[in-house]
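Structural description and commentary
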Amino acid sequence: MSEIENKTEHGSMDGATAGTAGDPKNDTGLGLGVIFFIVAFLICFLSGWLLFPKLLYSKHEQPFNFDHVLHVEETGDCESCHYLREDGTFSGIPKTESCLDCHTDEPMGDTKDEAIFAAEYVAKEQEVSWYVYARQPDCVFFSHAAHINAAGMDCKSCHGPIEETRTSRPYEENRLTGYSRDIWGKNIWGIKKNPWDRMKMNDCAVCHEKETGHKGYCFQCHK
């Protein structure tokens, strides 16, 4: 066998034995690669889980804090401020004029929030520019009368136990759509525990189908 043939034969044998599955060096490299992939995946996953909502939503504080517990205690119910008119339309958030049955430009009590309301809104006859958590897109029509009177639903079904709150939480606005986070829900995966955790169209459809056997027609909710 010539020298060239001899080198070729040995070279082929070396190549055939290199990189076999049972090589401890290759097993170590493969193991490190898997660990690196898992660690990198967890870092990316947790970063997205924690950072994505903060990047997607901007927070806005209300003009001043509103104590629902105090007002329910003073008025006796929710309907004193949020009521259905005779024509069936919903009053929504009260106008400043409605508050003048109780409030004046002289603060009631010594809280900072009451002082702001009296000085900036009552005395100046200005409307409070509240951020509305439940505001739907302009193309959506929602009849409170149909749900409260006809279906017998409680306000809490959609709005939660808001009468038990003493502080106004920040309003979270989707930077892309401009909608409230209450529409999509707090859970980034869209999972909800309570009916008021989310107000998406599909939530309405599921409830309608459960109660009426039909999801409803487009024109019932969309303009």
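Identification of the protein as Putative cytochrome c, class III family protein from Desulfotignum phosphitoxidans DSM 13687 is taken from an unreviewed UniProt entry.

A separate point is the overall build of the protein. If you tally the helices and strands in the protein, you get 10 helices and two strands. Moving toward the C terminus, one meets the helices and strands of the protein in the order α-α-β-α-α-α-α-α-β-α-α-α. Burial status across the protein gives 17% buried among its 223 residues. Entry remark: accessible area of the protein is about 16,500 Å², with carbon and sulfur atoms responsible for 61%.

Across all of its chains, the model carries nine aromatic pairs by this definition. Here the aromatic rings of F41 and F45 are separated by 6.1 Å at their centres, their planes lie at 20°, and the arrangement is stacked. Of this pair, F41 and F45 both sit in helix α2 (residues 24-56), four residues apart, which is roughly one turn of the helix. Taking the relative accessible area as the measure of exposure, F45 reaches 35% and is therefore partly exposed. Look at Y217 and F219: their rings are 5.7 Å apart centre to centre, the planes differ by 5°, and that puts the pair in the stacked class. We note that Y217, like F219, is exposed. Through successive ring pairs, a cluster of aromatic residues spans F64, F66, F117, Y121 and W130. Over the face of the ring belonging to Y133 we find R169, whose NZ or CZ atom lies 4.2 Å from the ring centre.

What follows is about the UniProt feature "transmembrane region" (unreviewed entry) in the protein. Mapped onto this numbering, the UniProt entry annotates "transmembrane region" (unreviewed entry) at residues 30-52. Here residues 30-52 runs as 100% helix and 0% strand, with 32 Å between its end C-alpha atoms.

We now examine the nonpolar core. Counting residues in each nonpolar core, the largest one holds five residues, listed as F64, F117, Y121, V122 and V128. When neighbours within four sequence positions are excluded, V128 is seen to be in contact with P63, F64, T96, F117 and Y121.

With 12 residues, helix α9 (residues 201-212) should cover 16 Å at 1.5 Å per step; its first-to-last C-alpha distance of 16 Å lies within 8% of that length. Looking one or two places after α9, you find G213, whose phi comes out positive at around 85°.

The next subject is the pattern of salt bridges. Inspection of the entire model under this criterion finds eight salt bridges. Among the salt bridges present, the one from D67 reaches R166, with a minimum N-O distance of 2.9 Å. Residue D67 is found in the loop between β1 (57-60) and α3 (68-75), and its partner R166 is found in the loop between α7 (156-159) and β2 (171-174); the two are separated by 99 residues along the sequence. Across the pair E120 and K124 runs a salt bridge whose closest N-O atoms are separated by 3.0 Å. E120 gets classed as partly exposed once you look at its relative accessible area, which sits at 35%. Counted as one network, the salt bridges with shared partners bring together E172, R181 and K186.

To continue, consider the side chain of D203. Looking at where D203 falls in the secondary structure, it is placed in helix α9. Here D203 falls in the buried class, since its relative accessible area comes to 12%. Only 2.7 Å separates the side chain of D203 from the side chain of R198, close enough to count as a polar contact.

The rules behind the values
- Residues numbered from 1 in each chain as written.
- Predicted model: local features only at pLDDT ≥ 70, side-chain atom pairs only at ≥ 80, totals over all residues.
- Heavy atoms only, no water.
- Helix = DSSP H or I, 4+ residues; strand = E, 2+ residues; numbered from the N terminus.
- Buried < 20%, exposed > 50% of the residue type's maximum accessible area, 1.4 Å probe, protein only.
- Areas by Shrake-Rupley, 256 points an atom, 1.4 Å probe, with all protein chains shown as cover.
- Phe/Tyr/Trp six-rings, centres within 6.5 Å; stacked < 30°, edge-to-face > 60°.
- Lys NZ or Arg CZ within 6 Å of the ring centre and 35° of its normal.
- UniProt positions renumbered as here; feature names shortened; annotations may be inferred.
- Core = buried A, V, L, I, M, F, W, Y, C linked by side-chain atoms within 4.5 Å.
- Contact = heavy atoms within 4.5 Å.
- Expected span 1.5 Å × (residues − 1).
- Salt bridge = Lys/Arg side-chain N within 4 Å of Asp/Glu carboxyl O.
- Polar contact = N/O pair within 3.5 Å; in protein donor to acceptor, adjacent residues only side chain to side chain.

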